[in-house]
Amino acid sequence: LQPDTWCFNAVLSAYANAADPEGARATLANFEARAAEECPNAAPDLVSYNTLMLACARGGRPAEAEAAFQKLLARGLVPNEVSYSTAISAHARAGNAAAAQGWLDKMTAAGIAPDAVAFNAACSAHARLGDAAAALRCVDAMRAAGVEPTASTHAILVNALVKAGQLDAA
């Protein structure tokens, strides 16, 4: 038996769940090498690169998530909402609200409509910094885009307001 794309992606997912970007990167490198030599019917796909990005995001390595995004582009793959949302989340987890917001803007510029996951990730980046005004602007943009705030959105706003010392508004 030869491993196929699904098998490699399952291993990548395990590394992402363990927040292990090194393991995911090594697995993808192995996958790229073996696909070319031993598994002609298997090749890294968008799921492979999105999963590497997720491992990097969970491992606190937003620059590496961006590098994986660039690699998927170099492979001729077209990023989807998961690709962009993962980049947003990577920066949000690292506390870089400006970069998270920038990726949300890139998503929109690419013609991909952000969903609640993307907006919530960007809003949470602002909330982590206690920037309630930016978090509220993010939610306003969410509503303007026709995306309904979720229970998570409201929790993010409460967190932002509490961190900003605006307990009465929370």
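Now for a look at the structure at hand.

What counts and how
Residues numbered from 1 in each chain as written. Predicted model: local features only at pLDDT ≥ 70, side-chain atom pairs only at ≥ 80, totals over all residues. Heavy atoms only, no water. Patch = residues over 30% accessible without salt bridge, like charges linked within 9 Å, V, L, I, M, F, W, Y side chains within 5 Å. Areas by Shrake-Rupley, 256 points an atom, 1.4 Å probe, with all protein chains shown as cover. Salt bridge = Lys/Arg side-chain N within 4 Å of Asp/Glu carboxyl O. Lys, Arg positive; Asp, Glu negative; His and termini not counted. Charge placed at Lys NZ, Arg CZ, Asp CG, Glu CD. Helix = DSSP H or I, 4+ residues; strand = E, 2+ residues; numbered from the N terminus. Expected span 1.5 Å × (residues − 1). Buried < 20%, exposed > 50% of the residue type's maximum accessible area, 1.4 Å probe, protein only. Contact = heavy atoms within 4.5 Å. Polar contact = N/O pair within 3.5 Å; in protein donor to acceptor, adjacent residues only side chain to side chain.

1. Points about a positive patch on the surface
Side chains of Arg 58, Arg 93, Arg 128 and Lys 163 sit close together on the surface and give a patch of like positive charge. One can find Lys 163 in helix α9 (residues 151-163).

2. Topic: helix α7 (residues 116-128)
A rise of 1.5 Å per residue sets the reference length of α7, with its 13 residues, at 18 Å; its end C-alpha atoms lie 18 Å apart and thus fit the reference within 8%. For α7, a buried count of 11 out of 13 residues is recorded, marking the element as mostly surrounded by other parts of the structure. Within the span of α7, buried status applies to Ala 116, Ala 118, Phe 119, Asn 120, Ala 121, Ala 122, Cys 123, Ser 124, Ala 125, His 126 and Ala 127. Residues of α7 that are buried make contact with α5 (81-93), α6 (97-109), α8 (132-144) and α9. The opening residue of α7, the one whose side-chain oxygen lies 3.2 Å from the backbone nitrogen of Val 117, is Asp 115. Gly 130 sits one or two positions beyond α7 and adopts a positive phi of about 75 degrees.

3. Observations regarding the side chain of Ser 85
Here Ser 85 shows up in helix α5. Looking at Ser 85, the relative accessible area reads 9%, which means it is buried. Ser 85 has contacts with Met 107, Asp 115, Val 117 and Ala 118, leaving out every residue within four places of it along the chain.

4. Re the pattern of salt bridges
Scanning the model with the defined rule gives five salt bridges in all. Residue Lys 71 pairs with Glu 32 through a salt bridge whose shortest N-O separation is 3.2 Å. Residue Lys 71 is found in helix α4 (residues 62-74), and its partner Glu 32 is found in helix α2 (residues 21-37); the two are separated by 39 residues along the sequence. When its relative accessible area of 36% is taken as the criterion, Lys 71 is described as partly exposed.

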